[in-house]
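Close look at the chain arrangement
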Amino acid sequence: MMKKIQMTTPIVEMDGDEMTRVLWKMIKDELILPFVELKSEYYDLGLKHRDETNDEVTVQAALANKKYGVSVKCATITPNAQRMDEYNLHKMWKSPNGTIRAILDGTVFRTPIMIDPISPVVKNWKKPITIARHAFGDIYKATEIKVPGAGVAKLSFTDEKGETISKEIFTFEGAGVLQGQFNKEDSIYSFARSCFAYALDAKQDLWFGAKDTISKTYDHRFKDIFQEVYDNEYKEQFEKAGITYFYSLIDDIVARVIRSEGGFIWACKNYDGDVMSDMVSTAFGSLAMMTSVLVSPEGNYEYEAAHGTVTRHYYRYLEGEKTSTNPMATIFAWSGALRKRGEKDGLDELIHFADTLEKACLDTLNSGVMTKDLTRLAENIEVTEVNSEEFLRAIRSRLETLLES
């Protein structure tokens with residue numbers, strides 16, 4: 001019996017919803033608790049508990065991240081009208097990810113997990129593409145109006161002295177919809193610095209694209225801030241490291257991404273990053289094969305699965321069926337958080353465990369033992385399709401062997 005690895009500082013553990021909540025417990029029981037004397041401060045971010053606490057639990061979890069510096073988060077439900085009825089909610093609560101990101105003012109970095117038997121759909125992609133998503137503002141914090149009929153829509157801002165800037169948006173001749181979104185310069189500066197620092201650490205080029213030709217104030221300000229931060233703070237370091245910063249219209253960036261070999265960081269505004277990270281992860285193989293970490297300007301980290309709660313599998317699970325749900329992104333959220341905790345606390349054993357856990361996962365997949373979503377993508381290898389429990393047991397077997405060697 002191996003001695004359990006000791007921790008000194010807790011990580012913040014944020015539980016979630018549906019099938020990913022089921023996998024969360026399975027991963028802990030099979031791959032974490034037998035090997036690590038886990039110290040965690042637990043927050044239940046399941047939709048029912050968020051509703052019971054008026055979503056205060058989400059705020060508490062984010063503040064705990066600021067206290068301890070490292071957290072790991074399960075996928076959670078952002079309710080719509082259907083969920084309101086299904087869960088009998090008091091309110092259509094906002095995205096917990098959006099709430100946490102706003103409090104931490106962080107940037108989300110998402111990188112695909114590549115394995116030998118699965119080639120990217122874009123055949124010239126040879127290296128992972130990391131999406132850096134600005135995790136504040138835009139449509140995720142927007143105010144919206146369902147316009148009932150004819151009228152004039154205006155955008156106005158009143159400063160502290162009471163002076164108002166007002167512009168007419170549109171004269172409605174009938175019903176429509178209206179949306180007001182915002183961002184903050186300090187958040188954009190943080191986003192830019194996080195991206196440049198991450199690129200330097202990874203020694204990879206940084207690309208950024210927006211629609212400044214159309215959005216001549218909003219998007220153009222992102223462009224200008226990135227250029228200012230690069231010129232004043234990072235240009236010399238980038239040149240010394242032999243890497244480049246490149247800006248272009250997002251249309252051009254998308255085309256260049258498709259033609260590239262990968263191996264760079266692609267900075268995206270909030271909505272762009274949401275969409276493009278799903279495109280990149282799917283093109284590399286699967287939404288479940290994507291690491292995701294939120295990095296705050298203060299150096300706090302929140303690791304999460306980049307996908308949703310796998311609702312269809314959850315309903316089948318409730319009927320007693322064993323599902324072949326891919327747990328890789330959630331496992332890598334745990335390994336990322338444990339590694340970072342080890343780095344912050346100087347615990348080499350914990351860092352080694354996280355590295356070994358990831359190797360056990362990749363070795364299992366490269367041997368052909370896979371969940372259903374990957375078996376259809378694998379090439380030039382004999383595959384064995386397994387359910388989630390069988391997959392986790394196969395990883396544990398390899399993990400034990402690697403840790404003993």
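Residues numbered from 1 in each chain as written. Predicted model: local features only at pLDDT ≥ 70, side-chain atom pairs only at ≥ 80, totals over all residues. Heavy atoms only, no water.

Some points on the sheet that holds strand β6 (residues 107–112)
Selection rule: Two strands pair if DSSP finds at least two bridges between them. Numbering goes from the N terminus for both helices and strands, where a helix is a DSSP run of H or I of at least four residues and a strand is a run of E of at least two. Between N-to-C directions, angles cover 0 to 180 degrees, with each direction set by a line fitted to C-alpha atoms, over the stretch in contact for helices.
Strand order in the open sheet formed by 10 strands is β4-β2-β5-β16-β15-β6-β7-β14-β12-β13, with mixed pairing between adjacent strands. Two strands lie at the open edges of the sheet, namely β4 (40–44) and β13 (245–249), each paired on one side alone. The sheet shows a mean angle of 20° between the axes of neighbouring strands, direction not considered. Alignment of strand β7 (residues 130–134) against strand β14 (residues 265–268), held across 4 bridges, turns out to be parallel. Bridge assignment links Arg133 to a residue of β14, and that residue is Cys268.

As for the UniProt feature "binding site: D-threo-isocitrate" (unreviewed entry) in the chain
Quick reminder of the rule: UniProt positions are given in the numbering used here, feature names are shortened, and annotations may be inferred rather than shown by experiment. Each cavity reported here is a set of points on a 1 Å grid over the protein atoms alone in which a 1.4 Å probe fits but cannot get out, each pocket an open set with protein on both sides within 12 Å along at least five of seven lines, and each lining residue one with an atom within 4 Å of a point. When accessible area is computed with a 1.4 Å probe and restricted to protein chains, residues below 20% of their type maximum are described as buried, those above 50% as exposed, and intermediate ones as partly exposed. Should any heavy atoms of two residues lie within 4.5 Å, those residues are counted as being in contact.
Mapped onto the present numbering, the UniProt feature "binding site: D-threo-isocitrate" (unreviewed entry) falls on Thr78, Ser95, Pro96, Asn97, Gly98, Thr99, Ile100, Arg101, Arg110 and Arg133. Lining residues of the second largest pocket drawn from the annotated set just named are Thr78, Ser95, Pro96, Asn97, Gly98, Thr99, Arg101, Arg110 and Arg133. Tracing the sequence through the fold places Thr99 in helix α5 (residues 96–104). Residue Thr99 is classed as buried on the basis of its relative accessible area of 17%. Leave out the neighbours within four places in its chain, and Thr99 touches Asp55, Thr58 and Val59. Tracing the sequence through the fold places Arg133 in strand β7. With relative accessibility at 4%, the residue Arg133 sits in the buried group. Apart from residues lying up to four places away in sequence, Arg133 is in contact with Arg101, Thr107, Val108, Arg110, Tyr140, Phe191, Cys268, Lys269, Asn270, Gly273 and Asp274.

A word on the layout of surface pockets
So the rule is basically this: Grid points are joined across faces, edges and corners, and a volume is the space filled by probe spheres set on the points. Each residue gets one of three labels, nonpolar for Ala, Val, Leu, Ile, Met, Phe, Trp, Tyr, Cys and Pro, charged for Asp, Glu, Lys and Arg, and polar for the others, Gly among them. Domain ranges listed in this record stem from an automatic or a database domain assignment.
Put simply, the largest pocket is a space of about 1100 Å³. Lining the largest pocket we find 28 residues, and of these Leu155, Gly180, Gln181, Phe182 and Tyr218 sit closest to its centre. Class assignment for the residues of the lining of the largest pocket results in 11 nonpolar, 8 polar and 9 charged. The residue makeup of the lining of the largest pocket includes at least three contributed by each of domain 2 (119–137 + 183–284) and domain 3 (140–182). By volume, the second largest pocket is sized at about 810 Å³. If you trace the second largest pocket, you find 34 residues lining it, with Thr78, Ser95, Gly98, Tyr140 and Asp274 closest to the centre.

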